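Below are the chains, spelled out letter by letter.
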Amino acid sequence: MYRREHRHQLSFENFFLPFGGKLSGSNRWIKLVELIPWEELENDYASHFSKGFGAPAKPFRMALGALIIKARLAITDEELVEQIKENPYLQFFIGLEAFQFTAPFDPSMMVYFRKRLPESVINDCNERIVRHGLTMIQSAGTDDDPDTGTGGGSSSGHSSNDDAPTPAVNQGTLLIDATCVPVDIRYPTDLSLLNEAREVTEKLIDAMHPPIREAFGQKPRTHCKKARQQFLAVAKKKRPRISKIRKAIKQQLGHLERNLASIDALIACGGCLLAAGSHWYHKLLVVSELVRQQKILYHSDTRSIPDRVVSLFQSHIRPIVRGKARCNVEFGAKISISVTGDGFTYLDRLSYDPYNEGEDLKAQAIVYRRRHGHYPEVICADQIYRTRANRAFCQRHGIRLSGPRLGRPKSDPELVAEEKRQFLDDQRQRNAVEGKIGQGKRRFGLGLIREKLAATQGTAIALAVLVMNLEKLLELLFVFFSFLLQLLSGNEAIRRAEEQLLGHQAAAA
């Protein structure tokens, strides 16, 4: 159930502080509150809850605000709650009306916040926040000075215009790229995964046997000590031989097949898989799939298999081959992002299975048209996007795709030099999307995702993109007010100079 509180937006001046004083209007969290359309976003959030059933959920502003604070400060859930308890600006940001010394929610509530705000909802909030923030900054510039602008190139095109009778002229620049967002798992090896799976089956046997001891008899033998010694004999070696590794894998597979047969016998005798917990049933399914894959890999010459399991507790993770110098294979979600000419980032695709990012160019161009009302004038992308199908799509819609044209080089040296200059200029512009990826990985947590569930990992990734756009809006807001301050200072200096000139003229007269 969700209980909406119909009240007007609380001003930071009315936020009650028991120790006296008032909040500062120039604080960054106060500015962020003004950039987010809370009421508009809450309407969609409230529609996901049933009416009159269950305990009332936390307000939308508290949920999204807490997630934004966590992503912006790069802290844990426990540290987030402590920071909110100590900081009145953070309490105002999540929608409290007065400072309180107690925690507004438990750290475990952050898991439910991430589940209630999945990746699709966060992406929608991202677009609305960017649109609202730019509108607010532009309206402030129009009210104060008609000549003042944000200088974003295509920033004025964030309003959707799907129902336009005639297509608009292509405007702006679209930068696209893909990257892998690694998750926090141990580097997987076949032997370590099999050892971990064997331990899971042993725990299941230990939990399933006591309730049916009288009907089944003695507990099945697992030989856990012997299996552990066989694993450590190879795992502790610095550089074990391939023959030793294969022998150890064969031994662990033998232990696993015996344990799985024992589990089947316990089930046939009336044993319950839920005796150890509901989550262990899912782990047993993953273990069965892991054994099937490892048997195929052991008896074949290949080292690759579709949908390879690399983690028992995060079975949705797949290896992503990136071909980078630092690490050839990464484990996590692969994402496609787009950056507009004014510096705002959007998450266009998230998948745990590897895919060819060149297939996303058409969809990203279409989404750009939905957001801005027109196609981009230029798309800057690397070589994998320059397929014949993508070139034909861009040519059909009047979009210039970066990169050298197909065919033999022209004989005119001036045209060749011009194409080379254009290509280098496009490459310089494309560096912005690489910078956004680096900013997300170094500053906002995309370098290592610590959430465990697939849904919450998607929320964390989308939140990092949203927070990067909030930082960009704050930067534009700061630049605007700095320009306005300089303009006012210049006007004041001109007024003083005129007064001094008039004074001199009066004294001379």
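Residues numbered from 1 in each chain as written. Predicted model: local features only at pLDDT ≥ 70, side-chain atom pairs only at ≥ 80, totals over all residues. Heavy atoms only, no water.

### A word on the overall build of the protein
Secondary structure summary: the protein contains 16 helices and six strands in total. In the protein, once contacts between residues fewer than 6 apart in sequence are set aside, the share between residues at least 24 apart is 72%. Put simply, the protein shows about 27300 Å² of open surface, and 53% of that area lies on carbon and sulfur atoms. (Helix = DSSP H or I, 4+ residues; strand = E, 2+ residues; numbered from the N terminus. Contact = heavy atoms within 4.5 Å. Areas by Shrake-Rupley, 256 points an atom, 1.4 Å probe, with all protein chains shown as cover.)

### Re the pattern of salt bridges
Scanning the model with the defined rule gives 26 salt bridges in all. A salt bridge links Glu 471 to Arg 72, with the shortest nitrogen-to-oxygen separation between them at 2.4 Å. Residue Glu 471 is located in helix 16 (residues 454-508), and its partner Arg 72 is located in helix 3 (residues 60-73); the two are separated by 399 residues in the primary sequence. Between Glu 82 and Lys 85 there is a salt bridge, and its shortest N-O distance comes to 3.8 Å. Taken together, the residues span about one helical turn, with Glu 82 and Lys 85 both in helix 4 (residues 77-86) at a distance of three residues. (Salt bridge = Lys/Arg side-chain N within 4 Å of Asp/Glu carboxyl O.)

### What to know about the confidence of the model for the protein
On average, residues of the protein score 85 in pLDDT, and 84% of them are at 70 or above. Looking over the protein, one finds the lowest element-wise mean pLDDT in helix 16, namely 73, and the highest in strand 4 (residues 345-351), namely 96. pLDDT under 50 marks residues 148-157. Its contacts with residues more than four places away, or in other chains, come to 21 contacts. (pLDDT = per-residue confidence, 0-100.)

### Brief notes about the side chain of Lys 472
Within the secondary structure layout, Lys 472 lies in helix 16. As a buried residue without a salt bridge, Lys 472 has its nearest oppositely charged side chain in Glu 475, at a separation of 4.0 Å. Ignoring any residue separated from it by four or fewer positions in sequence, one finds Lys 472 in contact with Asp 342, Gly 343 and Phe 344. (Buried < 20%, exposed > 50% of the residue type's maximum accessible area, 1.4 Å probe, protein only. Lys, Arg positive; Asp, Glu negative; His and termini not counted.)

### Some thoughts on the packing of helix 3 against helix 6 (residues 109-116)
For the pair helix 3 and helix 6, the least separation of the axes is 10 Å and the interaxial angle reads 105°. Of the possible angle classes, the one that applies to helix 3 and helix 6 is roughly perpendicular. The segment helix 3 lies against helix 6, with Met 62, Ala 63, Ala 66, Leu 67 and Lys 70 engaging Met 110, Phe 113 and Arg 114. Its residues placed into classes, the contact of helix 3 with helix 6 shows six nonpolar, no polar and two charged. (Axes fitted to C-alpha atoms, helices over the stretch in contact; angles between N-to-C directions. Parallel < 35°, antiparallel > 145°, perpendicular 65-115°, else oblique. Nonpolar A, V, L, I, M, F, W, Y, C, P; charged D, E, K, R; others polar.)

### With respect to a nonpolar patch on the surface
On the surface, Leu 274, Tyr 281 and Leu 285 cluster together into a nonpolar patch covering about 300 Å² of accessible area. Relative to the helices and strands, Tyr 281 resides in helix 12 (residues 279-299). For Tyr 281, a relative accessible area of 40% gives the class partly exposed. (Patch = residues over 30% accessible without salt bridge, like charges linked within 9 Å, V, L, I, M, F, W, Y side chains within 5 Å.)

### Structural notes on the nonpolar core
Leu 64, Ile 68, Phe 93 and Ile 461 are the most contacted members of the largest nonpolar core, which has 78 residues in total. Looking at which element gives the most residues to this core, the answer is helix 16, with 13 residues. Every residue in contact with Phe 93, bar those within four places of it in the chain, is listed here: Trp 29, Leu 32, Val 33, Ile 36, Trp 38, Arg 61, Gly 65, Ile 68 and Ile 69. Counting residues in each nonpolar core, the second largest holds 28 residues, with Ile 205, Phe 231, Ile 249 and Val 291 among its members. (Core = buried A, V, L, I, M, F, W, Y, C linked by side-chain atoms within 4.5 Å.)

### Details of unusual backbone geometry
Within the chain, His 223 stands out as a residue other than glycine whose phi angle is a positive 55°. Inspection of the secondary structure puts His 223 in the loop between helix 9 (213-216) and helix 10 (224-235). Judged by relative accessible area, which is 33%, His 223 ranks as partly exposed. With phi around 55°, Asp 307 is a residue other than glycine that occupies positive phi space. For Asp 307, the position within the fold is in the loop between helix 12 and strand 2 (319-321).

### Section: the side chain of Gln 364
Note on placement: Gln 364 falls in helix 13 (residues 361-372). With relative accessibility at 3%, the residue Gln 364 sits in the buried group. There is a polar contact of 3.5 Å between the side chain of Gln 364 and the backbone oxygen of Ile 337. Apart from residues lying up to four places away in sequence, Gln 364 is in contact with Leu 174, Ile 176, Ser 336, Ile 337, Ser 338, Asp 348 and Tyr 385. (Polar contact = N/O pair within 3.5 Å; in protein donor to acceptor, adjacent residues only side chain to side chain.)

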